[in-house]
Amino acid sequence: MKISDVVAFMGHQVHVCRYREAGTLLDWMGRDLRGKRVLDVAGGDGYWAGRARRRGADAVSIDLARGKMVYGRTLAHAPALIECDALRLPFADGSFDAVLSVCAIEHFDDGGRSLDEMARVLKPGGEIFMSADVLSRADAWPKLRDAHKAKYHVQHTYTHDSLRKLMDERGLDLVGHSYQFRTAATERLYLSLSTYGGKVGFNAAAPLTPLVALADRAAPNERGSIVLVRARKR
């Protein structure tokens, strides 16, 4: 295994939320993706699209971060990496069987426009697997909330209901959702790590992942820090 793959593994999988978040979306997508064309929107270095490629998919990742994409080309199982704007995808209508997007929509000025494009390039019957910041209780900790939003350029937050409405307007039916960091304690942990720990903090807190997952299973699936949704095009 190359050093770049080890670094990518540590950055993406040894992480208190990203492995469980993106891993859940990929599990919803399926273990066998042979014959499927998958697009990862705002995929950075393409790591998670590369996981889809390992499952047999013809995978494409798009982003505007050229440095991340250059790095991504050094990884084993790298997908096709295309530098482009998520609000103006350079693909024909109905080009993909599935669209993946891991906590990207909250960074766009116009989240609806990004969903327009995702829906447009998706085949009828195809599915979108995406996550978004919710920050359900963030108003209880305004300093943490504001620091998180400024640090990560969060323009909007979403719930499964607000995403359901946006998706319904674009011919997409929400077929499943799941919140992560559902309790007040774990949501404060998430915001504290993002504010004070940053990337290193999220990685260092990875041993807490099983405890967060246990807390989530015991709490109602109605709010949290991150929401995962699965939707199908009519």
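Only a predicted model underlies this, so the values are computations on that prediction, with no experimental measurement involved.

## A short note on the pairing of strand E7 (residues 226–233)
Working note: regular strand, side chains alternate between the two faces of the sheet. The element E7 is extensively covered by neighbouring structure, given that six of its eight residues are classed as buried. In this structure, strand E5 (residues 122–133) lies alongside E7, joined through seven bridges in antiparallel fashion. Residue Ile128 lies in a different strand from E7, and its bridge partner there is Ala231. As judged from the eight bridges shared by strand E6 (residues 172–180) and E7, these two strands associate in the antiparallel manner. Bridging from a neighbouring strand, Ser178 pairs with Leu228 of E7.

## Some thoughts on the UniProt feature "domain: Methyltransferase type" (unreviewed entry) in the protein
The positions UniProt marks with the feature "domain: Methyltransferase type" (unreviewed entry) are residues 39–129. Counted over residues 39–129, helix gives 29% and strand 30%. Its end C-alpha atoms are 10 Å apart.

## Examining the packing of helix H6 (residues 142–151) against helix H8 (residues 184–204)
Taken N-terminus to C-terminus, the directions of H6 and H8 make an angle of 55°; their axes are 9 Å apart at the nearest point. Between H6 and H8, the interaxial angle falls into the category oblique. The handedness of the crossing between H6 and H8 comes out as left-handed. For the pair H6 and H8, contact is made by Leu144, Ala147, His148 and Lys151 and by Arg188, Tyr190, Leu191, Ser192, Ser194, Thr195, Tyr196 and Gly198, respectively.

## Side note on the packing of aromatic side chains
Evaluated as defined, the whole model comprises four aromatic pairs. Ring centres of Phe91 and Phe96 lie 5.1 Å apart, and the angle between their planes is 85°; on these two criteria the pair is classed as edge-to-face. Comparing Phe91 with Phe96 shows no difference in burial state: the two are buried. Relative to Phe202, the ring of Tyr190 has its centre 5.7 Å away and its plane inclined at 45°; by these criteria the two rings are tilted. Take Phe202: its relative accessible area is 6%, and that puts it in the buried class. Pairwise contacts between aromatic rings join Phe181, Tyr190 and Phe202 into one cluster. Between Arg51 and the ring centre of Tyr47, over which it is positioned, the NZ or CZ distance is 4.5 Å.

Thresholds, definitions, all that
Residues numbered from 1 in each chain as written. Predicted model: local features only at pLDDT ≥ 70, side-chain atom pairs only at ≥ 80, totals over all residues. Heavy atoms only, no water. Buried < 20%, exposed > 50% of the residue type's maximum accessible area, 1.4 Å probe, protein only. Helix = DSSP H or I, 4+ residues; strand = E, 2+ residues; numbered from the N terminus. Pairing = 2+ DSSP bridges. UniProt positions renumbered as here; feature names shortened; annotations may be inferred. Axes fitted to C-alpha atoms, helices over the stretch in contact; angles between N-to-C directions. Parallel < 35°, antiparallel > 145°, perpendicular 65-115°, else oblique. Left-handed = near helix turned anticlockwise from the far one by under 90°. Contact = heavy atoms within 4.5 Å. Phe/Tyr/Trp six-rings, centres within 6.5 Å; stacked < 30°, edge-to-face > 60°. Lys NZ or Arg CZ within 6 Å of the ring centre and 35° of its normal.

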